[in-house]
Amino acid sequence: MLDPAGRAGLEAALGELSVAWEGGPFAEPARKLVAEHAGLVRDRLADFDRLADAVRARGARHVVTHGEPHPGNLLAREDGYRLVDWDTVGLAVPERDLAVVSGDPAALARYAEVTGREPDADALALYRLRWNLVDVAEFVAWFRGPHERTSDTETAWKGFTETVDRLGAHAA
């Protein structure tokens, strides 16, 4: 469950940067973007592996995690909020969800105060990096595959470029 979904496809794409991608109007721009940032993507994959090894070595207890506890998965009710969309539920260290919920040191300190467990900085970095690697892999698969120019692909292209920028901020 730890390895980023789509990693094998992303690694295959990194090996095929000298061949034109012909899936649709964003295929070649996507190939060029990935080629331009291939070193970065490879570095982040290596960072991911290093962080994953460190987190596994600590042997922290796994708990039930949601996987995507962002505001889009909260349903407001009269008696409080409900977390919905449990299709990514899994056993993992708590940082799997904490990494999505907050990067605010004060909020993480409050978590430590309430639970008696200090969040693991490497695990937080691991899951933040994992999120972005999964997104890059999904965008690469989308743009390498058959697609048309639509408002969805225009939005996806913007998301892809922003995600690659975020990946650059993840030096671990």
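Residues numbered from 1 in each chain as written. Predicted model: local features only at pLDDT ≥ 70, side-chain atom pairs only at ≥ 80, totals over all residues. Heavy atoms only, no water.

(A) Representation of the nonpolar core in the model. Counting residues in each nonpolar core, the largest one holds 40 residues, and the members touching the most others are Trp21, Leu126, Val140 and Phe160. When residues of this core are traced back to their parent elements, those giving at least two are helix H1 (7-14), helix H2 (27-36), helix H3 (38-58), helix H4 (95-101), helix H5 (105-115), helix H6 (121-144) and helix H7 (151-168). Counting residues per element, this core draws most heavily on H6, at 11 residues. Not counting residues within four places of it along the chain, the set of residues in contact with Trp21 comprises Ala13, Glu16, Ala27, Glu28, Ala30, Arg31, Val34, Val140 and Arg144. (Core = buried A, V, L, I, M, F, W, Y, C linked by side-chain atoms within 4.5 Å. Buried < 20%, exposed > 50% of the residue type's maximum accessible area, 1.4 Å probe, protein only. Helix = DSSP H or I, 4+ residues; strand = E, 2+ residues; numbered from the N terminus. Contact = heavy atoms within 4.5 Å.)

(B) Fine view of a nonpolar patch on the surface. Taken together, the side chains of Val64, Trp86, Val89 and Leu91 present a nonpolar region at the surface, about 410 Å² in accessible area. Along the chain, Val64 turns up in strand E1 (residues 63-65). (Patch = residues over 30% accessible without salt bridge, like charges linked within 9 Å, V, L, I, M, F, W, Y side chains within 5 Å. Areas by Shrake-Rupley, 256 points an atom, 1.4 Å probe, with all protein chains shown as cover. Salt bridge = Lys/Arg side-chain N within 4 Å of Asp/Glu carboxyl O.)

(C) Examining unusual backbone geometry more closely. In this structure, Asp85 takes a positive phi of about 65 degrees despite not being glycine. In this fold, Asp85 is placed in the loop between strand E3 (80-83) and strand E4 (90-92). When its relative accessible area of 36% is taken as the criterion, Asp85 is described as partly exposed.

(D) The arrangement of H2 in detail. Residues of H2 that are buried include every one of Ala27, Ala30, Arg31, Leu33 and Val34, and no others. For H2, the angular spread of the buried residues around the axis is 165 degrees, confining them to a single face. Those residues of H2 that are exposed and angled more than 90 degrees off the buried face are Lys32 and Glu36. (Arc of directions from axis to C-beta.)

(E) Representation of the pattern of salt bridges. Throughout the structure, instances matching the rule amount to 14 salt bridges. In this structure, Arg56 and Asp53 form a salt bridge, with 3.7 Å as the shortest nitrogen-oxygen distance. With Arg56 and Asp53 both in helix H3 and 3 residues apart, the pair spans about one turn of that helix. For Arg58, the salt bridge identified is with Asp122, shortest N-O distance 2.9 Å. Note that Arg58 is positioned in helix H3 and Asp122 in helix H6, a separation of 64 residues in sequence. The class for Arg58 is partly exposed, based on a relative accessible area of 45%. The partly exposed category is assigned to Asp122, whose relative accessible area is 23%.

Read these as geometric descriptors, not functional statements.
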